[in-house]
Every structure is written in structure tokens, then in C-alpha cells.
Amino acid sequence: MNQPPNIFAGMRTAEVFKQGSYFAPGIYNVKIIRCLIKQTRMGKLAFIAELETTASNNPAEQIGTTKTWYQDMSTNPATGQSALKEFALAVYQIDQSNTQKVNEFSQQIEGICAAAVSDANPWAGQKIRLEVFMKKTKVKGGDFSVHRWTPFDGTEPPTQAYVPTAPQVAPFPMQ
């Protein structure tokens with residue numbers, strides 16, 4: 001009688017993957033748990049922030065849960081770096097409209113971000129504000145969640161539940 005193949009052969013060296021839990025549309029106050037750089041199974045580099053929800057206006061989101069922000073840094077490096085810079089500015093409480101502070105911060109950002117993913121974990125405990133909304137991708141037309149990071153101002157998110165609204169378009173004039 002033939003023995004079936006051993007489906008367990010090689011498990012000793014198998015990698016275990018932790019799947020992230022992502023933010024739904026809404027406005028959040030979050031606290032950073034840790035930041036890391038990870039190479040995915042597809043060979044892409046990604047910046048990952050693990051965040052604890054401290055306040056939310058999305059009633060489906062539980063306060064105290066851990067969520068993940070995943071930012072691809074390989075497919076389009078300029079887009080990834082821009083998103084990560086917005087995140088870092090929020091961590092350091094720098095308003096993006098303050099050009100002078102943004103320029104000063106930008107001179108040091110590479111070292112700052114490298115330190116953020118180190119074992120020292122210097123961003124742990126920092127609070128920031130997050131708004132998540134959906135939009136369609138340009139190429140494939142699929143849903144994409146946009147994350148907007150701003151400095152934490154100490155206030156709670158608006159009390160009304162987050163309801164995304166369609167852009168207002170002027171009616172087409174009839175002739």
C-alpha cells in the first residue's frame with residue numbers, strides 16, 4: 001500500500017504570518033504601538049504601523065483595538081515616501097501648512113524614520129489623528145482606503161457617525 005505524501009514535511013522552517021486588521025472609514029485618535037519595515041512574500045518593502053484606537057466616530061470600531069496601517073514602499077516609492085512623511089509630520093505635531101517647519105523637519109526625516117523602525121521604538125505612545133475615506137483607484141477602479149494623518153490636538157473625533165458623502169456635482173445644463 002502506498003503512503004500518502006507527508007504534508008507536514010518542512011513545517012519546521014515554515015514562516016508564520018500575522019495578518020493586519022485595517023481601519024474602516026472614519027475619524028480616529030490613535031496611539032502608536034510600534035513601527036516596522038517588513039519585506040512581504042511578494043518581495044515588496046512595506047512600512048507598517050501598529051496602532052491602538054483611543055477614540056473613533058465609527059460606531060463599528062471598538063476603542064482599545066489594535067489596527068494596522070500598511071504602506072507599500074516598493075511599487076511607487078514617491079507615493080510611499082509622501083504618505084510616510086505625512087505620518088511622520090503628524091507624529092511630531094507639525095502642521096503641513098507650516099512650510100518652514102516642514103522644510104526644517106525634512107532635512108532630518110531620513111534618520112528620524114530609520115530610528116522609528118529600530119528596536120528603540122521611539123514613536124511608541126505618540127498620539128495622532130487619522131481620517132480614513134474610500135476612493136476608487138485610477139487604473140483598476142477598485143476601492144482604496146486613503147489615510148490622512150494630522151497632529152493630535154487633544155479633541156475627540158466629531159460625535160456624529162462618519163458618513164462618506166459623494167462629491168457634489170453641478171447638474172448638466174439642458175439645451
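Further up the page is the structure itself.
Draft legend 1. Geometry of the pairing of strand β2 (residues 45–56). Summarising the sheet, strand β1 (residues 26–39) and β2 pair through 11 bridges and their orientation is antiparallel. Bridging from a neighbouring strand, Lys31 pairs with Glu52 of β2. Here β1 folds back onto β2, and the loop between the two strands holds 5 residues, one of which, Gly43, carries a positive phi near 85°. Here β2 pairs with strand β3 (residues 66–72) via 7 bridges, running antiparallel. Each bridged residue has a counterpart across the sheet, and for Glu52 the counterpart in β3 is Thr66.

Draft legend 2. The arrangement of the side chain of His147 in detail. Locating His147 in the fold gives a position in strand β5 (residues 143–151). Residue classification places His147 among the buried residues on the basis of a relative accessible area of 14%. Within the structure, the side chain of His147 is placed 3.4 Å from the backbone oxygen of Ser145, a separation counted as a polar contact. Leave out the neighbours within four places in its chain, and His147 touches Phe23, Trp69, Glu86, Leu130, Glu131 and Val132.

Draft legend 3. Representation of the environment of Val146 in the model. With respect to the helices and strands, Val146 occurs in strand β5. A C-alpha to C-alpha distance of 5.5 Å links Val146 and Val132, two positions 14 residues apart in sequence.

Draft legend 4. Spotlight on the packing of aromatic side chains. With the rule as written, the count across this model stands at 9 aromatic pairs. On the basis of an interplanar angle of 65° and a centroid distance of 4.9 Å, the ring pair of Phe23 and Tyr28 is categorised as edge-to-face. An angle of 65° between the planes, with centres 5.8 Å apart, marks the rings of Phe47 and Trp69 as edge-to-face. Here Trp69 lies in strand β3 and Phe47 lies in strand β2, a separation of 22 residues in the sequence. Through a chain of ring-to-ring contacts, three or more aromatic side chains come together here, namely Phe47, Trp69, Phe87, Tyr92, Phe105, Trp123 and Trp149.

Definitions and limits used
Residues numbered from 1 in each chain as written. Predicted model: local features only at pLDDT ≥ 70, side-chain atom pairs only at ≥ 80, totals over all residues. Heavy atoms only, no water. Pairing = 2+ DSSP bridges. Helix = DSSP H or I, 4+ residues; strand = E, 2+ residues; numbered from the N terminus. Buried < 20%, exposed > 50% of the residue type's maximum accessible area, 1.4 Å probe, protein only. Polar contact = N/O pair within 3.5 Å; in protein donor to acceptor, adjacent residues only side chain to side chain. Contact = heavy atoms within 4.5 Å. Phe/Tyr/Trp six-rings, centres within 6.5 Å; stacked < 30°, edge-to-face > 60°.

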